[in-house]
Structure formats: structure tokens, C-alpha cells
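# Topology and contacts: notes
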Amino acid sequence: RSSFRSRLFFHEMGLPVVDGVNGVLIASRSTDAPMRFVNFKQENHEPPTPSAMVADLPEDSDVSYYRDLSLPLRTTTQDGEVYNNSLGACGTLMAADAVRWKKI
């Protein structure tokens, strides 16, 4: 936990900081099988979107991590679906705003 806070301190001071995931990625480049990030591909919500990891950082005790099923990771499939579902509502909103702006 203290390294997390010191990393924030260094970042706020303008120093370059590498987080844990990127540190592991950089270290993996010295192996014969470096890590590679790829898109999570789904068709009809299969495989199911994994749950995001949540960190509980209470002031008086150690950090605890858990996954919450109601909080899925953001994926290109899920974000695209949310975008497509919201197009109709946003179009209506934007049309109403355009009418209001013409009156100004």
C-alpha cells in the first residue's frame, strides 16, 4: 500500500511512473514469450464479460480485492452495444438542443 501512495506522489511531482501491469509487461520482454495484450472478443455475449476487480482501501486496515458481478469490464463489444443502444436517445436530445440554439 505504501508503494501505491509513493507512486502517486512521484506522478504528481512530474516523474515518469510505471504501474504494476505495465511493469510486468516490460519485464516480460526479456523472456522468450513476452506478454501481449489482445482485444476480448465476444459473440452474443459469449464468453461472458469478466467482472472488474474492485479494491477496497479502508483507512484503518489492509486493502482487500474482490470481483463484483454487477460491474463488468469494459470491452469493445459491450461498449459498442451501449453506444448503438444510446444512439436513438442521443439523436433526440441533440435535435432538441439544436432547436434551442437556433432561438438564441
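Summarised in this report is the structure supplied together with it. These numbers were taken from a predicted model, which means no experiment stands behind them.

What follows is about the overall build of the chain. Scanning the chain from N- to C-terminus turns up three helices and two strands. Across the chain, helices and strands are ordered from the amino to the carboxyl terminus as α-α-β-β-α. For 104 residues, the compact-globule estimate of 2.2 N^0.38 gives 13 Å, and the C-alpha radius of gyration of the chain, at 21 Å, exceeds that figure by more than 25%. Counting over 104 residues, the chain shows a buried share of 7%. Taking contacts inside the chain between residues at least 6 apart in sequence as the whole, the part at least 24 apart equals 23%. Summed over all atoms, the accessible surface of the chain reaches about 9,200 Å², with 60% contributed by carbon and sulfur. Between the centroid of the 11 positive side chains of the chain and the centroid of its 13 negative side chains there is a distance of 9 Å.

Before going further, it helps to examine the environment of Val54. Among the structural elements, Val54 can be located in strand 1 (residues 51-56). Residue classification places Val54 among the buried residues on the basis of a relative accessible area of 18%. A C-alpha to C-alpha distance of 5.4 Å links Val54 and Tyr66, two positions 12 residues apart in sequence. Among all residues touching Val54, those that are not within four sequence positions of it are Ser64, Tyr65, Tyr66, Asp68 and Leu71.

Rules used throughout
Residues numbered from 1 in each chain as written. Predicted model: local features only at pLDDT ≥ 70, side-chain atom pairs only at ≥ 80, totals over all residues. Heavy atoms only, no water. Helix = DSSP H or I, 4+ residues; strand = E, 2+ residues; numbered from the N terminus. Rg over C-alpha atoms; globule rule 2.2 N^0.38 Å. Buried < 20%, exposed > 50% of the residue type's maximum accessible area, 1.4 Å probe, protein only. Contact = heavy atoms within 4.5 Å. Areas by Shrake-Rupley, 256 points an atom, 1.4 Å probe, with all protein chains shown as cover. Lys, Arg positive; Asp, Glu negative; His and termini not counted. Charge placed at Lys NZ, Arg CZ, Asp CG, Glu CD.

Honestly, it's all geometry; don't read function into it.
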